[in-house]
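Now for the letters of each chain:
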Amino acid sequence: MGRSWHPEEFNCAYCKTSLADVCFVEEQNNVYCERCYEQFFAPLCAKCNTKIMGEVMHALRQTWHTTCFVCAACKKPFGNSLFHMEDGEPYCEKDYVNLFSTKCHGCDFPVEAGDKFIEALGHTWHDTCFICAVCHVNLEGQPFYSKKDKPLCKKHAHAINV
């Protein structure tokens, strides 16, 4: 604040209650008791629609209690963590990947933006995971066969055990 008061002059700018022995909030170059701050300045939480006293989370052009801005799946607060939006709902990184990412049929890891991938046999594969189930030769751009939903090179197209 950078200002000094005599104790008898340190009062709420609205109701004039002494602030010498109580909590106060500075707002617009004035000091207010908590009750007046809550009544006139405290923002509403977008989730619970109650006044926010204390730490405020600003996200999605709204204000939230830090405990109210949570992942739509696991319900854990985000804090300062990254979140992703899907169908208008925020998700933590872990739940977003588990629920919405495309997973490689070969390694079960997500196929992320910028990854080279192949769509074959009704699935998505990283280019390095689309390999013969027997000899593990890469099949990208090569003729291939399938048996039991597994890609096979021409040499192993008739393999008995896959």
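Because the structure is a prediction, the values reported are computed rather than measured.

What follows covers the overall build of the protein chain. A count of helical and extended segments in the protein chain gives two helices and 10 strands. Shown N-terminal to C-terminal, the secondary structure of the protein chain runs as helices and strands in the order β-β-α-β-β-β-β-α-β-β-β-β. A compact globule built from 162 residues should have a C-alpha radius of gyration of about 15 Å, whereas the protein chain, at 29 Å, is more than 25% larger. Taken along its principal axes, the extent of the C-alpha atoms in the protein chain is 95 × 30 × 20 Å. Put simply, the protein chain has 162 residues, and 28% of those count as buried. When contacts within the protein chain are restricted to residue pairs at least 6 apart in sequence, those whose partners lie at least 24 apart make up 10%. Taken as a whole, the protein chain presents about 11100 Å² of accessible surface, with 50% of it coming from carbon and sulfur.

By the definition in use, this model includes two salt bridges. Of the charged contacts in the structure, one is a salt bridge between K116 and D127, with a shortest N-O distance of 3.9 Å. Within this pair, whereas K116 is found in the loop between α2 (93-100) and β7 (117-120), its partner D127 is found in the loop between β8 (123-126) and β9 (145-147), the two being separated by 11 residues in sequence. With its nearest N and O atoms 3.7 Å apart, the salt bridge here joins E140 to K116. Taken together, the residues E140 in the loop between β8 and β9 and K116 in the loop between α2 and β7 connect sequence positions 24 residues apart. Of the residues examined, E140 reaches a relative accessible area of 35% and is grouped as partly exposed.

Note: strand β5 (residues 83-86) against strand β6 (residues 89-92), four bridges, orientation antiparallel. In the sheet register, M85 faces β6, and the bridge partner there is P90. Where β5 folds back onto β6 in an antiparallel hairpin, the turn is made up of two residues, including D87, whose phi is positive at roughly 50 degrees.

Turning to the confidence of the model for the protein chain, a few remarks are in order. Chain-level statistics for the protein chain give a pLDDT mean of 90 and a share of 98% at 70 or above. When pLDDT is averaged over each element of the protein chain, β6 comes out on top at 95 and strand β1 (residues 24-27) at the bottom at 84.

The backbone phi angle of D87 is positive, close to 50 degrees, even though this residue is not glycine. You can see D87 is positioned in the loop between β5 and β6. For D149, which is not a glycine, the phi torsion comes out positive at approximately 65 degrees. You can see D149 is positioned in the loop between β9 and β10 (150-152). What makes D149 partly exposed here is its relative accessible area of 37%.

Reading guide: rules and limits
- Residues numbered from 1 in each chain as written.
- Predicted model: local features only at pLDDT ≥ 70, side-chain atom pairs only at ≥ 80, totals over all residues.
- Heavy atoms only, no water.
- Helix = DSSP H or I, 4+ residues; strand = E, 2+ residues; numbered from the N terminus.
- Rg over C-alpha atoms; globule rule 2.2 N^0.38 Å.
- Buried < 20%, exposed > 50% of the residue type's maximum accessible area, 1.4 Å probe, protein only.
- Contact = heavy atoms within 4.5 Å.
- Areas by Shrake-Rupley, 256 points an atom, 1.4 Å probe, with all protein chains shown as cover.
- Salt bridge = Lys/Arg side-chain N within 4 Å of Asp/Glu carboxyl O.
- Pairing = 2+ DSSP bridges.
- pLDDT = per-residue confidence, 0-100.

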